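Summary of structural features
Here is what each chain is made of, one letter per residue.
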Amino acid sequence: MQILKISYDSELFNNYDKVACSLTMKIGTKVIVADNSLYKLATVIDVLEENDPLYNTTFVRVATARDLEQNKRNLTESGDVLLYAQDKANNLGLEMRFISSFYTLDRKQLFISYVADSRVDFRELAKVLAQKYKTRIELRQIGVRDRARKVGGLGPCGLFLCCNQFLTEFASVSINMAKNQFLALNPSKINGLCGRLLCCLNYEDDVYTELKKNLPNIGNLVETSEGLGKVIEVNVFNKTYKVETKNKGVVELKVNE
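Notes on the structure in this doc start here. (Residues numbered from 1 in each chain as written. Predicted model: local features only at pLDDT ≥ 70, side-chain atom pairs only at ≥ 80, totals over all residues. Heavy atoms only, no water.)

Following the sequence through the fold, Asn74 ends up in helix H1 (residues 65-91). Under the relative-accessibility criterion, Asn74 is labelled buried at 1%. Within the structure, the side chain of Asn74 is placed 3.5 Å from the backbone oxygen of Thr104, a separation counted as a polar contact. Those residues in contact with Asn74 that lie beyond four places of it in its chain are Tyr103, Thr104, Leu105 and Arg107. (Helix = DSSP H or I, 4+ residues; strand = E, 2+ residues; numbered from the N terminus. Buried < 20%, exposed > 50% of the residue type's maximum accessible area, 1.4 Å probe, protein only. Polar contact = N/O pair within 3.5 Å; in protein donor to acceptor, adjacent residues only side chain to side chain. Contact = heavy atoms within 4.5 Å.)

As structure tokens, then:
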């Protein structure tokens with residue numbers, strides 16, 4: 001028995017999943033899995049240990065040429081769904097911006113994601129879409145971070161957005177992380193394209209916390225050989241800090257580890 005980590009070819013949320021399989025699979029193999037009786041196309045991206053936790057996903061079969069062709073048609077028609085849904089929402093006066101859509105492989109359900117500034121009563125729109133596409137419709141409101149992950153773009157570092165490339169879930173990010181890393185609290189510098197705090201503030205926060213051990217905080221009053229002074233600058237990498245004293249001006253001290 002193999003435990004496969006899979007990536008869905010068309011999905012709005014939880015793009016990664018795990019599934020048990022009695023066959024020997026290679027990374028890159030296209031497979032069909034069932035989630036709540038809905039068939040989805042996925043790609044094997046890793047083989048895991050058997051004791052890894054599982055989700056309610058069932059392996060169905062290795063994808064056939066017919067499956068791949070059906071998925072190709074679904075993807076093509078999903079683009080038309082967005083245009084139609086946006087047009088009908090505008091006609092109904094609904095403040096919605098549609099981001100993505102996809103059919104399950106068996107076309108039993110059509111998922112459509114959108115962003116909105118507030119809750120939207122889309123019941124009438126759902127009826128219109130169901131009459132048009134003759135399948136079960138699920139409209140999902142997503143947040144600005146999910147939108148950025150789906151649409152993609154370039155971050156302030158010049159690289160593609162982390163959430164669009166490799167992040168599988170959003171970790172909690174706080175303004176204290178920016179303070180901990182001595183970053184200017186300027187929204188244009190510490191916010192991402194989604195308007196929320198940069199996910200990458202999480203990457204080095206533990207490192208800064210460790211480096212700052214035994215170092216005083218900026219603003220602290222410390223005793224030096226030149227008398228009492230106020231800490232005005234800290235260099236965590238050199239383990240030094242600068243203190244402004246009344247008589248000798250600014251002096252630089254080093255932490256003895």
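Those residues of helix H3 (residues 144-151) that sit buried are Arg145, Asp146, Ala148 and Arg149. Projected onto a plane normal to the axis of H3, the buried residues spread over an arc of 160° and lie on a single side. Residues of H3 that are buried make contact with helix H4 (162-165). Phi turns positive one or two residues past the end of H3, at Gly152, with a value near 85°. (Arc of directions from axis to C-beta.)

The next point concerns the packing of H1 against helix H2 (residues 123-133). Closest axis-to-axis distance for the H1/H2 pair is 10 Å, and the angle between their directions is 140°. Compared by their axis directions, H1 and H2 come out oblique. Relative to H2, the crossing made by H1 is right-handed. Contact residues: Asp80, Val81, Tyr84, Ala85, Lys88 and Ala89 in H1; Leu125, Val128, Leu129, Lys132 and Tyr133 in H2. (Axes fitted to C-alpha atoms, helices over the stretch in contact; angles between N-to-C directions. Parallel < 35°, antiparallel > 145°, perpendicular 65-115°, else oblique. Left-handed = near helix turned anticlockwise from the far one by under 90°.)

Turning to the sheet that holds strand S7 (residues 109-115), a few remarks are in order. As summarised here, the arrangement of the 3 strands in space is S6-S7-S8, forming an open sheet in which the pairing is mixed. Lying at the two open borders of the sheet, with one neighbouring strand each, are strand S6 (97-103) and strand S8 (136-141). Put simply, the sheet's adjacent strands are angled 20° from each other on average, direction ignored. Alignment of S6 against S7, held across 6 bridges, turns out to be antiparallel. Note that in S7 the partner of Phe102 across the bridge is Phe111. Running over the sheet, H2 touches S6, S7 and S8 and is turned about 140° from S8. (Pairing = 2+ DSSP bridges.)

Attention shifts here to H1. Counted at 1.5 Å a residue, the expected span for H1 with its 27 residues is 39 Å, and the 40 Å between its end C-alpha atoms agrees. Regarding H1, the residues found buried are Asp67, Asn71, Asn74, Ser78, Val81, Ala85 and Ala89. Where H1 is buried, its residues contact strand S3 (30-35), strand S4 (38-48), strand S5 (57-62), S6, S7 and H2. Note on H1: the residue one or two positions beyond its end, Gly93, has a positive phi of about 75°. (Expected span 1.5 Å × (residues − 1).)

Fair warning: the whole summary comes from geometry, so function is off the table for now.
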